[in-house]
Amino acid sequence: MTTRLSVLRLTAVVAAVVMAVLVGLSGCSSSDAGKGGNGPRATSSPPADETAANGPLVGTPSLVAGEQSCAAAEGNAPWFPTIAAFEVHDSNRTHLYACAHFLGAQSNNQVFAHSSDQVYVTPYNIVDRGPNELYVYGGGYGDDPAASGSFVSRVEPGTFNEVWRRVLINTNATDEWNYPGVLNTLADGSLVVVYGYHIARIDPANGNVLAQTTLPTGQSAPRDTAYNGYDALPDGTIVAKTVNRQPGCTEQGFSAFLDCPDPTAVPPSILVAIDPRSLQVLSQVTLPEMMGGRITTTVFSGTGQIYLPGATKLYRYSYPNGAFAPDPTWGPVPYLQSGQTAASAMAVINDYVVAMTNGGKPTPTPMSVVAVSQADSTKVATVQPFANSGAKQSFIPSMVSVDPENNRVYAMDAGAGKLAGIDLANGALSVAWSQDQTTLSFTTLLGPKDQRVLIGTDIPVKFFQGLKTYSTEQVVWRDAGSGAELARSSQLPKMTQGILVTPGYAGLQYFLTADGHVIGLQVAPKPASPSPSPASSGTGSPSGSGSPSGTGSPSRAGSPSGTGTGTGTPAASGSGSASASASASGSVSASP
């Protein structure tokens, strides 16, 4: 028994650090306004992109009907047929929003932004039920003194004014751990939220709680247990697992993994299956250790599979006949090199699952991207995309994004200050391009196969220690095929930890700030400079740069199938091995 407890504690420590170090480095921004009123901003003056917009954004409304048709045809079970029903689009955790649009051109773009006046304390994710309904989940980052417990708010598209708010719990009153869960939209349009050790269905019309279930906590006391999100199988079965705080500790949020007396003295996680209609627990199993990363589900060879990253091994569980079972034919797969730390979550790309290492405390060992065959777990491909960067530290607490159609993986390392596109072909990984960009957050893919755009943030730091104190970051849009920069926002208040820029309808994207605001983003080509009169110019040519594509129309704002009128088509993702390097000023030079 003593040996088993020691092993559990040893493996739990790395899993805990995967989630906790980000807080130790960047901290949670406190919002004095807290409960939905107007509140202070992290920046002393409005960002330049907000000044440029000077009001709510609507994108290109004529695209909405096509986006709705595209989403209905996606077959993204078991989620509602819309652009953003699940926190990272799909159960395979690809982060790929193929039906969403980028409204800019190949170059020479400008960014417009509009921020909510109201505060949504520690917003975690935003989902929709079509173009006219937006919902925000927040309040679960207990590290922020203003966060007293999870809530769901319906917000008005464009203005982000609150329509209603349902406060689900006050963890100060219940004396429980306040840790983020998630809100998603199921196929029938239900809003289902997990928070603490509870799951609830919310009425989209008014925020009323229609059903609610208290979930099991295994060997952990309820006050020390939280379900960190959920995934679901195509039939709708919800799959979720616990993370645990040390018994007797009162630290909140991610800080429990840093500041409790012994954060590793925690029981193992439990994995549960939940009926999506009744919200009743169908099955549960105790996992080998406490696993900090989120669950990834898929169907492979006709069987529902659940992938989980452990402290040193990757695990697969199946769900045959309504009961969980570790898959005896797959793994567990050791995936770390000496000196590396654990991954956060895995993504599914065709017949492979992919993870990237070094999500725990910073390490001098370069990070790896690891791909494991779903058919044969002995077939493992690895690459260290930033091994030659010269960085003294490696650290990336987020996960990869993947593009199954183009066999492309996107990885980053905040320690190296790098972002890369990596091809997965014939069971091998190879770097297609690499760029200078520092982010701690997830990346996002949008657009059709031959016009993919990659979105990520860029933190304005030159040294690793700057990650402890940064307060702003920019959003960068790149051609996913070549890595070339397409657009860059002004400095915005830093984004909430552990999330991504979420695509919306009509070419808009949503950025949730740590200081509690929803920011809408819209990229557009810069207007062509007017032609000078012959009297003022001996050449008769425009004095400035003209329309990027020669027409002034958005190069990627056609239909999701790529048949629109846009003229500037980027290189297809995965179509070739291109490399590009960005200068410190953000300009990009690309070479074949």
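Scroll up to find the structure.
The sections below set out a description of the structure shown in this document.

What counts and what doesn't
Residues numbered from 1 in each chain as written. Predicted model: local features only at pLDDT ≥ 70, side-chain atom pairs only at ≥ 80, totals over all residues. Heavy atoms only, no water. Core = buried A, V, L, I, M, F, W, Y, C linked by side-chain atoms within 4.5 Å. Buried < 20%, exposed > 50% of the residue type's maximum accessible area, 1.4 Å probe, protein only. Contact = heavy atoms within 4.5 Å. 1 Å grid on protein atoms, 1.4 Å probe; cavity = no way out; pocket = protein on both sides within 12 Å on 5 of 7 lines; lining within 4 Å. Points joined across faces, edges and corners; volume = space filled by probe spheres on them. Nonpolar A, V, L, I, M, F, W, Y, C, P; charged D, E, K, R; others polar. Phe/Tyr/Trp six-rings, centres within 6.5 Å; stacked < 30°, edge-to-face > 60°. Helix = DSSP H or I, 4+ residues; strand = E, 2+ residues; numbered from the N terminus. Lys NZ or Arg CZ within 6 Å of the ring centre and 35° of its normal. Arc of directions from axis to C-beta. Pairing = 2+ DSSP bridges. Axes fitted to C-alpha atoms, helices over the stretch in contact; angles between N-to-C directions. Lys, Arg positive; Asp, Glu negative; His and termini not counted. Salt bridge = Lys/Arg side-chain N within 4 Å of Asp/Glu carboxyl O. Polar contact = N/O pair within 3.5 Å; in protein donor to acceptor, adjacent residues only side chain to side chain. Disulfide = S-S within 2.5 Å.

## So, the nonpolar core
Buried together is how nonpolar side chains tend to be arranged in soluble globular proteins.
Step number 1: Counting residues in each nonpolar core, the largest one holds 120 residues, and the members touching the most others are Val193, Tyr230, Val369, Trp477 and Leu521.
Step number 2: Leu521 has contacts with Leu57, Val111, Phe112, Ala113, Val475, Trp477, Leu492, Gly507, Leu508, Gln509 and Phe511, leaving out every residue within four places of it along the chain.

## Here's the deal with the layout of surface pockets
The probe, sized like a water molecule, is rolled over the atoms to show the empty space still left.
Step number 1: Taken as a whole, the second largest pocket encloses approximately 500 Å³ of empty space.
Step number 2: The wall of the second largest pocket is formed by 26 residues, among which Glu74, Asn76, His89, Asp90 and Asn92 lie closest to the centre.
Step number 3: Here the residues of the lining of the second largest pocket are counted per class, giving 13 nonpolar, 8 polar and 5 charged.

## Thoughts on the packing of aromatic side chains
Step number 1: Under the definition given, this model contains 15 aromatic pairs.
Step number 2: Note on Phe395 and Phe464: the rings are 6.5 Å apart at their centroids and 85° apart in plane angle, and the pair reads as edge-to-face. Of this pair, Phe395 sits in the loop between β23 (380–383) and β24 (401–403) while Phe464 is found in the loop between β29 (453–458) and β30 (472–479), placing the two residues 69 residues apart along the sequence. Across this residue pair, the class does not change: Phe395 and Phe464 are buried.
Step number 3: Joined through ring pairs, the aromatic side chains of Tyr124, Tyr137, Tyr141, Trp177, Tyr179, Phe254 and Phe257 make up one cluster.
Step number 4: For the cation-ring pair, Arg165 lies above Phe151, with the distance from its terminal atom to the ring centre recorded as 4.1 Å.
Step number 5: The cationic tip of Lys494 hangs over the ring face of Tyr470; the distance from NZ or CZ to the ring centre is 4.9 Å.

## Notes on the environment of Ala325
Step number 1: With respect to the helices and strands, the residue Ala325 is situated in strand β18 (residues 325–326).
Step number 2: Here Ala325 falls in the partly exposed class, since its relative accessible area comes to 26%.
Step number 3: With 41 residues separating them in the primary sequence, Ala325 and Gln284 have C-alpha atoms 9.8 Å apart.
Step number 4: With sequence-adjacent residues up to four places away left out, Ala325 is seen in contact with Tyr317 and Ser318.

## Let's talk about helix α3 (residues 64–73)
Step number 1: Among all positions of α3, only Val64, Glu67 and Ala71 are buried. For α3, the arc enclosing every buried residue in end-on projection is 60°, short of the 170-degree limit, so these residues lie on one face. Seen from the open side of α3, the exposed residues pointing more than 90 degrees away from its buried face are Ala65, Ala72 and Ala73.

## Here's the deal with unusual backbone geometry
Note: most peptide bonds trans; most residues except glycine with negative phi.
Step number 1: With omega at 5°, the peptide bond leading from Ala77 into Pro78 counts as cis.
Step number 2: As for its placement among the helices and strands, Pro78 is situated in the loop between α3 and β1 (96–97).
Step number 3: The omega torsion of the bond from Gly331 to Pro332 falls at -5°, within 30 degrees of zero and hence cis.
Step number 4: Residue position: Pro332 is located in the loop between β18 and β19 (333–334).

## Looking at the sheet that holds strand β5 (residues 151–155)
Step number 1: Here we have 4 strands laid out as an open sheet, ordered β3-β4-β5-β6, and antiparallel in their pairing. The strands lining the two open edges of the sheet, one partner per strand, are β3 (125–128) and β6 (162–167). Geometrically, the sheet is characterised by an average inter-axis angle of 20° between neighbouring strands, direction not taken into account.

## A closer look at the side chain of Asp413
Step number 1: The topology assignment puts Asp413 in strand β25 (residues 408–413).
Step number 2: Although Asp413 is buried, it forms no salt bridge, and the closest oppositely charged side chain is Lys418 at an N-O distance of 11 Å.
Step number 3: From its side chain, Asp413 meets the backbone nitrogen of Phe395 in a polar contact 2.9 Å long.
Step number 4: The contacts of Asp413, once residues within four sequence positions are left out, are Met367, Phe386, Ser394, Phe395, Ile396 and Lys418.

## A few points about the state of the cysteines
Step number 1: Scanning the model with the defined rule gives 2 disulfides in all.
Step number 2: Disulfide pairing is shown between Cys70 and Cys99; the S-S distance is 2.0 Å. Its S-S torsion of approximately -75° makes the covalent link between Cys70 and Cys99 left-handed. Taken together, the residues Cys70 in helix α3 and Cys99 in the loop between β1 and β2 (109–115) connect sequence positions 29 residues apart.
Step number 3: For Cys99, a relative accessible area of 3% gives the class buried.
Step number 4: Bridging Cys249 to Cys260, the disulfide has an S-S length of 2.0 Å. Sign of the S-S torsion, about -90° for the bond between Cys249 and Cys260, identifies this disulfide as left-handed. A residue pair is termed long-range when its members are at least 10 positions apart, and Cys249 in the loop between β12 (238–244) and α5 (256–259) and Cys260 in the loop between α5 and β13 (270–274) qualify at 11 residues.
Step number 5: The buried category is assigned to Cys249, whose relative accessible area is 6%.
Step number 6: Looking at the protein, its bonded cysteines, counted consecutively from the start of the sequence, adopt the pairing 1-2, 3-4.

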